[in-house]
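# A closer look at the structure
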Amino acid sequence: MQDEQQQQQDGGEGATVGGSLLSDIVYEIVSSPVNLALVCIISFLLYKISKTRQPPATLPPPPPELPRLRRDFTLAELKQYDGTQPDGRVLTAVNGNVYDVTKGKAFYGPGGTYAAFGGRDASRGLATFQITSSVSDEYDDLSDLNSHEMESMREWEMQFKEKYYLVGRLLKPGEKPTNYSDEDEDTPTDGSDVRKRAAAAATAAKSADEPARTEAATSGSTSSSSTGATAPESQGDAAEADKAKSE
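The shown structure was predicted, so the numbers you read here are calculated from the model rather than taken from an experiment.

The rules behind each value
- Residues numbered from 1 in each chain as written.
- Predicted model: local features only at pLDDT ≥ 70, side-chain atom pairs only at ≥ 80, totals over all residues.
- Heavy atoms only, no water.
- Buried < 20%, exposed > 50% of the residue type's maximum accessible area, 1.4 Å probe, protein only.
- Helix = DSSP H or I, 4+ residues; strand = E, 2+ residues; numbered from the N terminus.
- Pairing = 2+ DSSP bridges.
- Axes fitted to C-alpha atoms, helices over the stretch in contact; angles between N-to-C directions.
- Polar contact = N/O pair within 3.5 Å; in protein donor to acceptor, adjacent residues only side chain to side chain.

## Things to note about the pairing of strand β1 (residues 91-94)
Residues L91 and A93 line one face of β1 and the alternating positions T92 and V94 line the opposite face, and both faces are buried. Sheet topology places β1 next to strand β2 (residues 97-100); 4 bridges connect them, and they run antiparallel. In the sheet register, V94 faces β2, and the bridge partner there is N97. The antiparallel hairpin formed by β1 and β2 contains 2 residues in its connecting segment, where N95 sits at a positive phi of about 55 degrees.

## Quick word on the sheet that holds β2
In space, the 3 strands of this open sheet follow the order β1-β2-β3, with antiparallel pairing throughout. Two strands close off the open sheet at either side, each with one partner strand: β1 and β3 (165-169). Strand-to-strand, the axes of this sheet are offset by a mean angle of 35 degrees, without reference to chain direction. Bridge analysis of β2 against β3 gives 4 bridges, and the strand direction is antiparallel. In the strand pairing of β3, V98 is matched with G168.

## Observations concerning the side chain of Q85
Checked against the element boundaries, Q85 lands in the loop between α3 (75-78) and β1. Engagement of the side chain of Q85 in a polar contact is seen with the backbone nitrogen of G83, the distance being 3.1 Å. A distance of 2.4 Å separates a polar atom in the side chain of Q85 from the backbone oxygen of R89.

Note that every value here comes from positions in space, so none of it alone points to a role or purpose.
Next up, the structure:
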């Protein structure tokens, strides 16, 4: 009986000593800013180590790249490419040109900030900074926009030219589409490519005419040389004939 009481007393004293030691340690950490900072740093390092040992999360594979489109669109045809169709392609028109904005689907696709422009003519909305109220099913010739709004739309169009592929033109009512060939470039048709091709054709034509001009110039110089050489001889013969007659 006495032994049991002694064991209980020893156990109580041990628990008291252990609790007191733990309390002292906690007090030392909390009371010292340096110790508290060290504990925070150690905890952070342990968290980072455990985080790096976890297997990396597998990312979903990127969607397959869609084939390029090269054609003109009416408003009704353009409306079919708003990102809700099976292939998820998104097209939008700016200032008469249609661009493939599929890689910006987070903005122009379903649920995006500019989803109202998907499959639509975004010209007026970009010019006036009005998204939903600017969308219309009728062709918009933008004739009522002022100079400031037109300039704003052109600035947006420059960004579209830099980021997205040109698909074709937005057709006016009754306008016929263009038949594009495989050699057509995927850049906006602002006339620069036409001028470059015309300049290249003129250069080629000039190069082709150069041998003929050189030959003609050579023939002309030869004829002049021949004429110059025989003229004095002819004059001498005439003088001899006149002398013979006088005699």
